[in-house]
Amino acid sequence: MSRFRVDEGLLWSLRGVAFLAGTIVVFVVAFVGWEASAALRSVGLSRFVTDPSWYPSEGLYSVLPMLVGTVLVTAGAVLTATPLGIMAAIFCNHYAPAFVARPYRRMIELMSGIPSVVYGFWGLVTLVPLIAQVEPPGTSLLAGIMILTVMILPTVTLFADSSIGRVSEEYTRGAAALGLTRWATVCHVVLPAARPGIVAGVFLATARAIGETMAVLMVCGNVVKTPGSLFDPVRTLTANIALEMAYAMGDHRSALFVTGLVLFLLIVALVWGAELAGEGRARG
Amino acid sequence: MDSLARSQRGEKLAQVVMWSSAALVSAVFLWMLSDLVTNGLGRVSWEFLTSSPSDSGRAGGIGPIVVSTLLIVSVAMVVAIPIGVGTAVYLAEFTSTESLLGRLVRRSLDVLAGVPSIVFGLFGSAFFCKTLGLGFSILSGGLTLACMVLPILIRSVEVGFREIPDHYRLSAAALGLSRTSTLLHLLLPAAAPGLAVGLVLGIGRAAAETAALIFTSGYVDRTPESVLDSGRALSVHIFDLSMNVPGGTPNAYAAALVLLGLLLLINGAASGLAHRWLGRNIATL
Amino acid sequence: MSSEHPTEGNEALFEAENLTLVYGDTPAFEGVSLSIPAGEITALVGPSGCGKTSFLMSLNRLSDLVPNCRVTGSLRLGGQDILSSEVDLIALRRRVGMIFQKPNAFPFSIRKNLTFPLQEHGVRDRDKLATLVEASLRDVGLWDEIKDRLDAPALSLSGGQQQRLCLARALALKPEVLLLDEPCSALDPLSSGVVEDLIVSLRGRYTIVIVTHNLAQARRVADQVAVFWVQGGAGRLIESGSVGQVFEDPQDELTRSYVTGQRG
Ligand SMILES: Nc1ncnc2c1ncn2[C@@H]1O[C@H](COP(=O)(O)OP(=O)(O)OP(=O)(O)O)[C@@H](O)[C@H]1O
Ligand SMILES: [Mg+2]
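Here is a short report on the structure shown in this document.

Analysis parameters
- Residues numbered from 1 in each chain as written.
- Chains lettered and ligands numbered in written order.
- Predicted model: local features only at pLDDT ≥ 70, side-chain atom pairs only at ≥ 80, totals over all residues.
- Heavy atoms only, no water.
- Helix = DSSP H or I, 4+ residues; strand = E, 2+ residues; numbered from the N terminus.
- Rg over C-alpha atoms; globule rule 2.2 N^0.38 Å.
- Buried < 20%, exposed > 50% of the residue type's maximum accessible area, 1.4 Å probe, protein only.
- Areas by Shrake-Rupley, 256 points an atom, 1.4 Å probe, with all protein chains shown as cover.
- Lys, Arg positive; Asp, Glu negative; His and termini not counted.
- Charge placed at Lys NZ, Arg CZ, Asp CG, Glu CD.
- Near = heavy atom within 4 Å.
- Polar contact = N/O pair within 3.5 Å; in protein donor to acceptor, adjacent residues only side chain to side chain.
- Nonpolar A, V, L, I, M, F, W, Y, C, P; charged D, E, K, R; others polar.
- Axes fitted to C-alpha atoms, helices over the stretch in contact; angles between N-to-C directions.
- Parallel < 35°, antiparallel > 145°, perpendicular 65-115°, else oblique.
- Left-handed = near helix turned anticlockwise from the far one by under 90°.
- Contact = heavy atoms within 4.5 Å.
- Pairing = 2+ DSSP bridges.
- Right-handed = clockwise from strand over helix to strand, strands pointing away.
- Buried area = accessible area lost by both parts, 1.4 Å probe.
- Salt bridge = Lys/Arg side-chain N within 4 Å of Asp/Glu carboxyl O.
- Phe/Tyr/Trp six-rings, centres within 6.5 Å; stacked < 30°, edge-to-face > 60°.
- Lys NZ or Arg CZ within 6 Å of the ring centre and 35° of its normal.

**Description of the overall build of chain C**
- From N to C terminus, chain C includes 10 helices and 10 strands.
- Whereas a compact globule of 264 residues would reach a radius of gyration of roughly 18 Å, chain C reaches 18 Å, a difference of no more than 12%.
- In terms of principal-axis extent, the alpha carbons of chain C reach across some 55 × 40 × 35 Å.
- The buried share among the 264 residues of chain C stands at 56%.
- Carbon and sulfur atoms make up 47% of the accessible area of chain C, which amounts to about 11100 Å² in all.
- The centroid of the 26 positive side-chain charges in chain C is displaced by 7 Å from the centroid of its 33 negative side-chain charges.

As structure tokens, this is what we get:
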């Protein structure tokens, strides 16, 4: 009978540990929300969008320029990385011979693990001077988009790759029997079937782009102004937090937590979207 | 119109586009790699890895920074492993897909996996530094990273457990073994691949992190005397040298090369293990 | 049901009455009443999917491990209700050993495969362990083949050797009952013969319940036979009795065509 008690004890301690792991996210929301509440009370939610600008020392808290910055950098990167990533995945599955596809996949996987600070550093010392030759200062929306594209490309590629890899075998033979070319097979048979997995990957890549801090912080120039062209500097929500947390006090500090909360909500929405897309994948 | 000729032209075009886009991606990767190697390798030496930085890091090495990094990663893993393995065991072995606690935990881990590192930084600074009073310290940074690596750790370990064929569990039960000893003596060793992948991936994530550390473990570049001291992680060092220290670029190159080499090694190992033992890649795990 | 045959000689060890097992909403077998006499070999036969494995798994409550699996009705082992939630499952499974269709040695050394369960059941003394290892390996005729490589990985043994090792592992715990689920079907004919002889040699010392698709084997080894059949979407016991009676003079039409090789 005592051995039963050991099993019971194990079960309860595992439950406890799992409960702890499950509540971390609650803690994150609670503490970020608690710190944000001061600014939400004294500044109010509406002024975060209606204030003329972001000048915390003057009591101006508009996050719009940063929100626009985040949206532009993310959209640019996702729009570039998605076609490139899907093509890379098609390449691996349908165009490359096995001795190319295998190391290529491995390379993409390694790219996914390179620290963002290394990407940012490389962008700062290589890409930014190149862009500056076209139009100074070089630290710009364009640099941010390029670096972020490279950073999220592996996510898009690897998700698309595993999704395409799963469907292709069953369908390609049938399509080939109908006399379709490889490209027609890919376009009309493989991609539609692999779509849910690809979409899930794009959602996660978007989440990663929105949350990315160091790389954009290092190459984007961080000027609080809505950019007028690709060559203008921008500041994203994440960069704003990283830059100002070091010295922010009072309402200013609290306002940074408000932006953190906004980021968190954006991400939750995207994870949820990815999950819905992934469910389509499981069914499809 | 000759539709056959047209579709063949299309096929040709597609082939060219595919190969060139793949070449573009590889070129970017190789460009970055070769740039870091040519500019960084000259400075990397044993001396560089062990000596202290001087002149704000423009000169000298990264000895204390390596020590801090190791300490931060160790704190993170020491805290994350028991919680992560316990949770993974619970999810894989003790819950059905319908159980409420299991579903809630899984859902909340999915969200946690998506939380941006800068938000972890905010959380760490509010909770560990301020509320728990740990201040800027290696402990604060390590604990923040522990929360961050938990989802990937749990997922890999859980996959490791799910790969174990059911007959192990059935035959152990048929021999009248308790679940505890089945778990300790049979399942845990059999789940070693998942454990190894999770461990290595977790270490990789922690070592690569910057944003969550800037305002939890801080900037101090002296060798820490305890985990309650502030310590500068390698990634933070690279950031600081390239952004805040004019003339810091040469040493930043060397430090970036060290970090890159480390991460390529770690992730190469994780990816090799994951392919060989779990049959999947590390990004979609 | 016409299948209620009194067992001659030995008294019943297992008594199932109106036993039903469901996976979720679908029954694997339904309304099975069967007594299994002590010390004899009872063969369960029937076409694929008629619930034989499920029936075996209810006898040592291994069905508890399958999510959504529920067993109802009454099942007694030596008079004790073993479906009750009070039952000490570890003790029950120690009393009722089981061998599976596919040999499933643990990924340990040969020796550890045998000592690990023993240690878990409280045997700590090294000499005692060594004696038990040798005795159980001798029991299954494996001792002379592998006594020099007890520390080799068990998975390096051949399929037949692994199956005998699994048998030895179960025997080392000194069970009263052995449940064998198609123990020979994954083996080559030669190993299959060896394992079959082994089972016959255990007659009288253990109560044995064996599932087999091989009617000739059932005829050779068993004392009692129970025939399962899928009827109305669930497995049912259509006939049971002594080997002679079931094979020579089946009462049920289905049984007759099954044992004469016309169906199943
Ligand atoms: N884990 C399970 N979950 C759901 N249904 C199951 C499960 N195991 C078995 N079944 C179903 O229960 C029925 C009986 O299965 P069982 O394995 O007991 O048959 P069997 O007589 O042993 O067949 P075989 O001779 O092929 O081994 C089958 O219809 C099977 O599909
Ligand atoms: Mg069966």
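Read on, since the account is not over.
**A look at the site of ligand 1**
Residue and element names in this part refer to chain C.
- Taken together, Tyr-23, Ala-28, Ser-48, Gly-49, Cys-50, Gly-51, Lys-52, Thr-53, Ser-54, Val-66, Glu-182 and His-213 form the complete shell of residues around ligand 1.
- Note that an oxygen atom of ligand 1 is positioned 2.6 Å from one of the side-chain N or O atoms of Thr-53.
- Separating an oxygen atom of ligand 1 from a side-chain N or O atom of Glu-182 is a distance of 3.3 Å.
- For ligand 1, the protein covers 58% of the area, taking 640 Å² as the surface of the free molecule.
- Looking at which element gives the most residues to the shell around ligand 1, the answer is helix H1 (residues 52-59), with 3 residues.
- Among the residues making up the shell around ligand 1, the classes are represented as 4 nonpolar, 6 polar and 2 charged.

**Some words on the packing of helix H3 (residues 63-93) of chain B against helix H4 (residues 100-114) of chain B**
Residues and elements named next belong to chain B.
- Where H3 contacts H4, the axes come no closer than 10 Å and their chain directions differ by 130°. Considering their axes alone, H3 and H4 lie oblique with respect to each other. The two elements H3 and H4 meet at a crossing, and its hand is left-handed. The residues of H4 that touch H3, namely those facing Thr-87, Tyr-90 and Leu-91, are Leu-101, Gly-102, Val-105, Arg-106 and Leu-109.
- Broken down by class, the residue content of the contact of H3 with H4 amounts to 5 nonpolar, 2 polar and 1 charged.

**A word on the pairing of strand S8 (residues 207-211) of chain C**
All names here are of chain C.
- Judged by how many residues are buried, S8 sits mostly within the fold: 5 of 5 residues are covered.
- On S8, burial covers both faces: Thr-207, Val-209 and Val-211 on one face and Ile-208 and Ile-210 on the other are all buried.
- In terms of strand pairing, strand S3 (residues 41-45) meets S8 through 4 bridges, oriented parallel. The residue of S8 that forms the bridge with Thr-42 is Val-209.
- Two elements, strand S7 (residues 177-181) and S8, share 5 bridges in a ladder whose sense is parallel. Pairing of Leu-178 across the sheet is with Ile-208, part of S8.
- Once the chain exits S7 it traverses helix H7 (residues 189-201) before rejoining the sheet at S8, and the crossover so formed is right-handed.

**Considerations on the interface of chain B and chain A**
- Every contact between the two is made by 80 residues of chain B and, on the other side, 77 residues of chain A.
- Note on chain B versus chain A: buried area summed over both sides is about 7000 Å², and carbon and sulfur give 79% of it.
- On inspection of chain B and its partner chain A, the count reaches 3 salt bridges.
- Note that Lys-130 of chain B is salt-bridged to Glu-35 of chain A, the shortest N-O span being 2.8 Å.
- On inspection of chain B and its partner chain A, the count reaches 14 residue pairs in polar contact (both at pLDDT 80 or more).
- It is helix H1 (residues 3-40) of chain B that provides the largest number of residues to the side of chain B that touches chain A, a total of 18 residues.

**Some points on the environment of Glu-11 of chain B**
- With respect to the helices and strands, the residue Glu-11 of chain B is situated in helix H1.
- Residue Glu-11 of chain B is classed as buried on the basis of its relative accessible area, which comes to 12%.
- Along the backbone, Glu-11 of chain B and Ala-233 of chain B are 222 residues apart, and their C-alpha atoms lie at a distance of 50 Å.
- Leave out the neighbours within four places in its chain, and Glu-11 of chain B touches Tyr-95, Thr-181, Arg-182 and Trp-183 of chain A.
- At 3.2 Å, the side chain of Glu-11 of chain B and the side chain of Arg-182 of chain A are in polar contact.

**Concerning the packing of aromatic side chains**
- Under the defined criterion, the tally for this structure stands at 20 aromatic pairs over all chains.
- Both rings, one in Phe-55 of chain C and one in Phe-228 of chain C, keep their centres 5.5 Å apart while their planes meet at 50°; by these two values the pair is tilted. Here the residue Phe-55 of chain C occupies a position in helix H1, and Phe-228 of chain C occupies one in strand S9 (residues 224-231), the gap between them amounting to 173 residues. Assigned by exposure class, Phe-55 of chain C and Phe-228 of chain C land together as buried.
- With centroids separated by 5.6 Å and ring planes inclined at 85°, the aromatic side chains of Phe-108 of chain C and Phe-116 of chain C adopt a geometry described as edge-to-face.
- Connected via pairs of aromatic rings, a cluster forms that spans Phe-27 and Phe-31 of chain A together with Phe-123, Phe-127 and Phe-128 of chain B.
- A cation over an aromatic ring shows up here: Lys-112 of chain C above the ring of Phe-116 of chain C, its NZ or CZ 5.8 Å from the ring centre.

**What to know about the packing of helix H5 (residues 116-134) of chain A against H1 of chain B**
- Direction vectors running N to C along H5 of chain A and H1 of chain B enclose 95°, while the axes themselves pass 11 Å from each other. Overall, the two elements H5 of chain A and H1 of chain B adopt an arrangement that is roughly perpendicular. Packed against H5 of chain A, whose contacting residues are Val-118, Tyr-119, Phe-121, Trp-122, Val-125, Thr-126, Leu-127 and Leu-130 of chain A, the element H1 of chain B presents Val-28, Trp-31, Met-32, Asp-35 and Leu-36 of chain B at the interface.
- Residue classes in the contact of H5 of chain A with H1 of chain B are distributed as 11 nonpolar, 1 polar and 1 charged.

**Some words on helix H3 (residues 110-120) of chain C**
All names here are of chain C.
- Among the 11 residues that make up H3, 8 are buried, leaving the element largely enclosed by the rest of the structure.
- Taken together, the buried positions of H3 are Ile-110, Asn-113, Leu-114, Thr-115, Phe-116, Pro-117, Leu-118 and Glu-120.
- Gly-122 sits one or two residues past H3 and shows a positive phi near 95°.

**Points about the side chain of Ser-254 of chain A**
- You can see Ser-254 of chain A is positioned in helix H10 (residues 250-283).
- Its relative accessible area of 4% is what places Ser-254 of chain A among the buried residues.

**Brief notes about the pattern of salt bridges**
- One pass over the full model with this rule turns up 26 salt bridges over all chains.
- One salt bridge in this structure joins Arg-169 of chain B and Asp-166 of chain B, with 3.2 Å as the shortest N-O distance. Here Asp-166 of chain B and Arg-169 of chain B lie together in helix H7 (residues 166-174), a separation of 3 residues that amounts to about one turn.
- What makes Arg-169 of chain B buried here is its relative accessible area of 16%.
- The salt bridge involving Arg-203 of chain C is made with Asp-223 of chain C; its shortest N-O contact spans 2.6 Å.

**Comments concerning H7 of chain B**
- In terms of burial, H7 of chain B is largely enclosed, as 7 of its 9 residues are buried.
- Every buried residue of H7 of chain B is listed here: Tyr-168, Arg-169, Leu-170, Ser-171, Ala-172, Ala-173 and Ala-174 of chain B.
- Here the buried face of H7 of chain B lies against H3, helix H6 (138-162) and helix H8 (179-190) of chain B together with helix H2 (89-95), strand S6 (96-99) and helix H6 (159-172) of chain C.
- Just beyond H7 of chain B, the residue with positive phi is Gly-176 of chain B, at close to 75°.

Keep in mind these values describe shape, not function.
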